[in-house]
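# Architecture and fold: a report
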2 protein chains.
Amino acid sequence: MFAAMNRFRVYPDREGDFERIWKERQSFLKEVPGFVQFALLRGDDAGDYISHSTWADRDSFLAWTRSEAFVRGHAQGSLQGILASTPQLSLFSAVIEEDASGRRIDPSQPVPGRRMSLPEH
Amino acid sequence: MFAAMNRFRVYPDREGDFERIWKERQSFLKEVPGFVQFALLRGDDAGDYISHSTWADRDSFLAWTRSEAFVRGHAQGSLQGILASTPQLSLFSAVIEEDASGRRIDPSQPVPGRRMSLPEH
(Lines give C-alpha, C1' and ligand atoms only; values in the text may rest on other atoms or scores of the structure.)
Protein backbone atom coordinates (compact mmCIF):
# COMPACT_ATOMS: atom_id res chain seq x y z
CA MET A 1 0.00 0.00 0.00
CA PHE A 2 1.14 3.48 -0.87
CA ALA A 3 -0.57 6.54 0.65
CA ALA A 4 -0.60 10.17 -0.48
CA MET A 5 -1.87 12.71 2.04
CA ASN A 6 -2.35 16.34 1.12
CA ARG A 7 -2.96 18.39 4.27
CA PHE A 8 -5.09 21.53 4.00
CA ARG A 9 -5.41 24.36 6.50
CA VAL A 10 -8.80 25.94 5.84
CA TYR A 11 -10.02 29.21 7.37
CA PRO A 12 -12.46 27.93 10.03
CA ASP A 13 -15.33 30.05 8.68
CA ARG A 14 -14.82 28.57 5.18
CA GLU A 15 -15.10 24.88 6.13
CA GLY A 16 -18.58 24.62 4.63
CA ASP A 17 -17.40 26.04 1.30
CA PHE A 18 -14.35 23.78 1.28
CA GLU A 19 -16.44 20.64 1.83
CA ARG A 20 -19.07 21.73 -0.73
CA ILE A 21 -16.43 22.25 -3.44
CA TRP A 22 -15.04 18.76 -2.83
CA LYS A 23 -18.50 17.19 -2.88
CA GLU A 24 -19.36 18.95 -6.15
CA ARG A 25 -16.15 17.85 -7.86
CA GLN A 26 -16.37 15.03 -10.33
CA SER A 27 -13.87 12.32 -9.52
CA PHE A 28 -11.95 10.58 -12.28
CA LEU A 29 -10.10 8.28 -9.91
CA LYS A 30 -11.91 5.06 -10.72
CA GLU A 31 -10.42 5.21 -14.23
CA VAL A 32 -6.91 5.28 -12.83
CA PRO A 33 -4.82 2.05 -12.72
CA GLY A 34 -3.65 1.20 -9.21
CA PHE A 35 -6.12 3.50 -7.42
CA VAL A 36 -7.46 1.85 -4.25
CA GLN A 37 -9.35 4.37 -2.13
CA PHE A 38 -9.89 8.08 -1.59
CA ALA A 39 -11.20 9.93 1.44
CA LEU A 40 -11.50 13.56 2.35
CA LEU A 41 -10.78 13.54 6.08
CA ARG A 42 -11.77 16.26 8.54
CA GLY A 43 -9.57 16.57 11.62
CA ASP A 44 -10.74 17.31 15.12
CA ASP A 45 -8.90 20.66 14.98
CA ALA A 46 -10.79 23.46 13.22
CA GLY A 47 -9.81 23.86 9.56
CA ASP A 48 -7.67 20.70 9.48
CA TYR A 49 -8.32 18.46 6.44
CA ILE A 50 -6.46 15.73 4.59
CA SER A 51 -7.08 14.61 1.02
CA HIS A 52 -6.11 10.97 1.54
CA SER A 53 -5.61 8.49 -1.29
CA THR A 54 -4.22 4.97 -1.29
CA TRP A 55 -2.62 3.20 -4.23
CA ALA A 56 -1.31 -0.22 -5.15
CA ASP A 57 2.19 1.26 -5.25
CA ARG A 58 4.13 4.51 -5.68
CA ASP A 59 4.38 4.15 -9.47
CA SER A 60 0.57 4.11 -9.78
CA PHE A 61 0.35 7.35 -7.81
CA LEU A 62 3.10 9.04 -9.82
CA ALA A 63 1.52 7.97 -13.12
CA TRP A 64 -1.79 9.50 -11.96
CA THR A 65 -0.14 12.86 -11.22
CA ARG A 66 1.01 12.94 -14.85
CA SER A 67 -2.35 11.86 -16.32
CA GLU A 68 -5.23 13.64 -17.99
CA ALA A 69 -7.52 12.43 -15.15
CA PHE A 70 -5.36 14.39 -12.69
CA VAL A 71 -5.53 17.58 -14.76
CA ARG A 72 -9.32 17.27 -15.21
CA GLY A 73 -9.88 16.52 -11.54
CA HIS A 74 -7.86 19.48 -10.36
CA ALA A 75 -9.34 22.00 -12.83
CA GLN A 76 -12.61 22.09 -10.86
CA GLY A 77 -13.53 24.46 -8.04
CA SER A 78 -11.10 27.16 -6.94
CA LEU A 79 -9.97 27.11 -3.30
CA GLN A 80 -8.80 30.74 -3.46
CA GLY A 81 -9.65 32.58 -0.24
CA ILE A 82 -10.48 29.30 1.52
CA LEU A 83 -6.99 27.96 2.30
CA ALA A 84 -5.00 29.59 5.08
CA SER A 85 -1.72 28.14 3.74
CA THR A 86 -0.28 26.06 0.90
CA PRO A 87 -1.32 22.38 1.05
CA GLN A 88 1.42 20.06 2.31
CA LEU A 89 1.80 16.79 0.43
CA SER A 90 3.32 13.80 2.25
CA LEU A 91 3.91 10.37 0.74
CA PHE A 92 4.05 7.10 2.65
CA SER A 93 4.86 3.46 2.00
CA ALA A 94 3.38 0.74 4.20
CA VAL A 95 5.83 -1.18 6.38
CA ILE A 96 3.08 -3.37 7.89
CA GLU A 97 -0.56 -3.80 6.88
CA GLU A 98 -3.29 -5.65 8.73
CA ASP A 99 -6.98 -5.99 8.03
CA ALA A 100 -9.94 -7.06 10.15
CA SER A 101 -9.45 -10.75 9.28
CA GLY A 102 -6.12 -10.59 11.12
CA ARG A 103 -4.18 -11.00 7.89
CA ARG A 104 -0.87 -9.23 8.32
CA ILE A 105 1.35 -8.23 5.44
CA ASP A 106 4.95 -7.12 5.47
CA PRO A 107 5.13 -5.32 2.10
CA SER A 108 8.92 -5.58 2.11
CA GLN A 109 8.48 -9.39 1.87
CA PRO A 110 6.26 -9.81 -1.22
CA VAL A 111 7.32 -13.41 -1.87
CA PRO A 112 4.24 -15.73 -1.83
CA GLY A 113 4.09 -17.72 1.37
CA ARG A 114 6.13 -15.15 3.28
CA ARG A 115 3.09 -13.41 4.75
CA MET A 116 3.27 -13.18 8.51
CA SER A 117 0.44 -14.85 10.35
CA LEU A 118 -0.50 -14.12 13.91
CA PRO A 119 -0.75 -16.80 16.55
CA GLU A 120 -4.28 -17.63 17.61
CA HIS A 121 -5.24 -16.79 21.19
CA MET B 1 -14.82 5.92 8.10
CA PHE B 2 -12.89 7.18 11.09
CA ALA B 3 -9.08 7.39 11.02
CA ALA B 4 -6.57 7.62 13.86
CA MET B 5 -3.03 8.62 12.93
CA ASN B 6 -0.22 8.61 15.44
CA ARG B 7 2.81 10.35 13.98
CA PHE B 8 6.26 9.29 15.15
CA ARG B 9 9.57 11.09 14.72
CA VAL B 10 12.25 8.41 14.89
CA TYR B 11 15.98 9.07 15.11
CA PRO B 12 17.11 8.31 11.54
CA ASP B 13 19.72 5.79 12.70
CA ARG B 14 17.05 3.90 14.69
CA GLU B 15 14.57 3.30 11.85
CA GLY B 16 15.55 -0.36 11.60
CA ASP B 17 14.94 -0.90 15.32
CA PHE B 18 11.62 0.95 15.17
CA GLU B 19 10.33 -1.19 12.30
CA ARG B 20 11.58 -4.41 13.88
CA ILE B 21 9.77 -3.68 17.15
CA TRP B 22 6.50 -3.09 15.27
CA LYS B 23 6.94 -6.27 13.22
CA GLU B 24 7.60 -8.32 16.33
CA ARG B 25 4.55 -6.98 18.17
CA GLN B 26 1.53 -9.19 18.39
CA SER B 27 -1.55 -7.42 17.19
CA PHE B 28 -4.86 -7.82 18.99
CA LEU B 29 -6.76 -5.61 16.57
CA LYS B 30 -8.72 -8.29 14.77
CA GLU B 31 -10.58 -9.00 18.02
CA VAL B 32 -11.76 -5.41 18.24
CA PRO B 33 -15.31 -4.48 17.12
CA GLY B 34 -15.32 -1.80 14.42
CA PHE B 35 -11.65 -2.23 13.48
CA VAL B 36 -11.19 -1.94 9.69
CA GLN B 37 -7.51 -1.66 8.82
CA PHE B 38 -4.10 -0.90 10.25
CA ALA B 39 -0.91 0.17 8.52
CA LEU B 40 2.45 1.32 9.75
CA LEU B 41 3.41 3.93 7.17
CA ARG B 42 6.93 5.17 6.47
CA GLY B 43 7.20 8.69 5.08
CA ASP B 44 9.61 9.88 2.44
CA ASP B 45 11.31 12.09 5.04
CA ALA B 46 13.85 10.29 7.25
CA GLY B 47 12.40 9.16 10.57
CA ASP B 48 8.79 10.05 9.66
CA TYR B 49 6.26 7.30 10.48
CA ILE B 50 2.51 7.09 11.03
CA SER B 51 0.66 4.37 12.89
CA HIS B 52 -2.53 4.53 10.83
CA SER B 53 -5.75 2.77 11.77
CA THR B 54 -9.24 3.03 10.33
CA TRP B 55 -12.46 2.24 12.13
CA ALA B 56 -16.17 1.96 11.40
CA ASP B 57 -16.73 5.05 13.54
CA ARG B 58 -15.24 7.15 16.35
CA ASP B 59 -16.98 5.17 19.08
CA SER B 60 -15.27 1.95 17.95
CA PHE B 61 -11.87 3.65 18.18
CA LEU B 62 -12.59 5.15 21.60
CA ALA B 63 -13.84 1.80 22.93
CA TRP B 64 -10.59 0.18 21.75
CA THR B 65 -8.45 2.74 23.62
CA ARG B 66 -10.22 1.66 26.82
CA SER B 67 -9.96 -2.08 26.13
CA GLU B 68 -7.70 -4.85 27.35
CA ALA B 69 -6.57 -5.41 23.73
CA PHE B 70 -5.18 -1.87 23.71
CA VAL B 71 -3.28 -2.37 26.96
CA ARG B 72 -1.85 -5.71 25.79
CA GLY B 73 -0.88 -4.30 22.40
CA HIS B 74 0.94 -1.33 23.86
CA ALA B 75 2.78 -3.24 26.59
CA GLN B 76 5.14 -4.75 24.01
CA GLY B 77 8.49 -3.37 22.89
CA SER B 78 9.85 -0.17 24.38
CA LEU B 79 10.53 2.71 22.02
CA GLN B 80 12.80 4.43 24.54
CA GLY B 81 15.81 5.99 22.83
CA ILE B 82 14.22 5.50 19.41
CA LEU B 83 11.72 8.39 19.32
CA ALA B 84 13.04 11.92 18.83
CA SER B 85 9.79 13.42 20.19
CA THR B 86 6.43 12.51 21.69
CA PRO B 87 4.05 10.87 19.19
CA GLN B 88 1.32 13.19 17.91
CA LEU B 89 -2.15 11.65 17.69
CA SER B 90 -4.62 13.14 15.20
CA LEU B 91 -8.18 11.94 14.67
CA PHE B 92 -10.18 12.31 11.45
CA SER B 93 -13.71 11.71 10.23
CA ALA B 94 -14.37 11.09 6.53
CA VAL B 95 -16.34 13.76 4.69
CA ILE B 96 -16.20 11.87 1.38
CA GLU B 97 -15.12 8.32 0.63
CA GLU B 98 -14.60 6.71 -2.76
CA ASP B 99 -13.31 3.30 -3.76
CA ALA B 100 -11.98 1.87 -7.00
CA SER B 101 -15.47 0.88 -8.20
CA GLY B 102 -16.31 4.60 -8.34
CA ARG B 103 -18.73 4.25 -5.44
CA ARG B 104 -18.78 7.56 -3.62
CA ILE B 105 -20.10 7.99 -0.11
CA ASP B 106 -20.96 11.15 1.75
CA PRO B 107 -20.84 9.87 5.35
CA SER B 108 -22.91 12.85 6.51
CA GLN B 109 -25.80 11.42 4.44
CA PRO B 110 -26.15 7.86 5.74
CA VAL B 111 -29.76 7.45 4.58
CA PRO B 112 -30.07 4.49 2.14
CA GLY B 113 -30.38 5.66 -1.45
CA ARG B 114 -28.65 8.96 -0.72
CA ARG B 115 -25.27 7.78 -1.96
CA MET B 116 -23.84 10.07 -4.60
CA SER B 117 -23.20 8.42 -7.95
CA LEU B 118 -20.85 9.77 -10.56
CA PRO B 119 -21.89 10.33 -14.16
CA GLU B 120 -20.46 7.83 -16.61
CA HIS B 121 -18.10 9.19 -19.27
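Note that the structure is a prediction, hence the values are computed from the model and not measured.

This part is about the interface of chain B and chain A. Taken residue by residue, the interface counts 50 residues in chain B and 50 residues in chain A. Carbon and sulfur atoms make up 55% of the area that chain B and chain A hide from each other, which totals about 4,200 Å². Among the residues chain B hides against chain A, the three largest losses belong to K23, K30 and E98 of chain B. Together they make up 16% of the total. At the boundary of chain B and chain A, one finds two salt bridges. The closest approach of N and O atoms between R58 of chain B and D44 of chain A, which form a salt bridge, is 2.7 Å.

So, on to the pattern of salt bridges. Counted by the stated rule, this structure contains 18 salt bridges over all chains. Between R7 of chain B and D48 of chain B there is a salt bridge, with the nearest N and O atoms lying 2.8 Å from each other. Of this pair, R7 of chain B sits in strand β1 (residues 2–9) while D48 of chain B sits in strand β3 (residues 48–55), and the two are 41 residues apart along the sequence. You can call R7 of chain B partly exposed: its relative accessible area is 23%. Assessed through its relative accessible area of 2%, D48 of chain B is described here as buried. With its nearest N and O atoms 2.7 Å apart, the salt bridge here joins D17 of chain B to R14 of chain B. Given a relative accessible area of 26%, R14 of chain B falls into the partly exposed group. Through salt bridges with shared partners, one network takes in R14, D17, R20 and E24 of chain A.

In this section: the pairing of strand β4 (residues 88–99) of chain B. In this structure, strand β2 (residues 35–43) of chain A lies alongside β4 of chain B, joined through seven bridges in antiparallel fashion. When the sheet's bridge partners are listed, G43 of chain A is paired in β4 of chain B with F92 of chain B. Pairing geometry for β1 of chain B and β4 of chain B, over six bridges, is antiparallel. Bridge assignment links A3 of chain B to a residue of β4 of chain B, and that residue is F92 of chain B. In this sheet, strand β5 (residues 104–105) of chain B lies alongside β4 of chain B in antiparallel orientation, the contact comprising two bridges. Pairing of E98 of chain B across the sheet is with R104 of chain B, part of β5 of chain B.

Before going further, it helps to spend a moment on helix α1 (residues 15–24) of chain A. Those residues of α1 of chain A not exposed but buried are F18, E19, I21 and W22 of chain A. Taken end-on, α1 of chain A shows its buried residues confined to a sector of 160°, consistent with a single buried face. Opposite the buried face of α1 of chain A, at more than 90 degrees from it, the exposed residues are G16 and E24 of chain A. Contact partners of the buried residues in α1 of chain A: β1 (2–9), β2 and β3 (48–55) of chain A together with β4 and β5 of chain B.

Right, let's get into the environment of M5 of chain B. Structurally, M5 of chain B is set in strand β1. Residue classification places M5 of chain B among the buried residues on the basis of a relative accessible area of 5%.

Taken as rigid bodies, chain B and chain A are interconverted by a rotation of 180° and an axial shift of 0.0 Å, the fit giving an RMSD of 0.0 Å. Here the copies are linked by what is in effect a two-fold axis. A shared interface surface links the copies, since 100% of the contact residues of chain B are contact residues in chain A too.

Right, let's get into the side chain of S51 of chain A. Residue and element names in this part refer to chain A. With respect to the helices and strands, S51 occurs in strand β3. Taking the relative accessible area as the measure of exposure, S51 reaches 13% and is therefore buried. In this structure S51 touches A4, M5, N6, F8, W22, F38, A39 and L40, once residues within four positions along its chain are discounted.

Criteria and thresholds
Residue indices begin from 1 for each chain and proceed along its sequence in written order. Naming scheme: in the order in which they are written, chains are lettered from A and ligands are numbered from 1. Restriction of local features to residues with pLDDT of at least 70 applies here, the model being predicted, together with a cutoff of 80 or more for giving and counting side-chain atom pairs; totals for whole chains, interfaces and linings are based on all residues. For side-chain calculations, the full set of non-hydrogen atoms in the structure is used, while hydrogens and water are omitted. In this description, contact between two residues means that some pair of their heavy atoms is separated by no more than 4.5 Å. What counts as buried area is the accessible surface, traced by a 1.4 Å probe, that two parts surrender upon association, with contributions from both included. We count a salt bridge whenever a side-chain nitrogen from Lys or Arg sits within 4 Å of a carboxyl oxygen from Asp or Glu. Under the DSSP-based scheme used, a helix requires at least four consecutive residues in state H or I and a strand at least two consecutive residues in state E, with every element numbered from the N terminus. The rule is simple: take the accessible area with a 1.4 Å probe, protein chains only, and divide by the maximum for that residue type; under 20% is buried, over 50% is exposed, in between is partly exposed. Should DSSP find at least two bridges between two strands, the strands are regarded as paired. Directions pointing from the helix axis toward each C-beta atom define the arc. Each copy is superposed on the other by least squares, with the fit set by C-alpha atoms of residues at a pLDDT of at least 70 in both.

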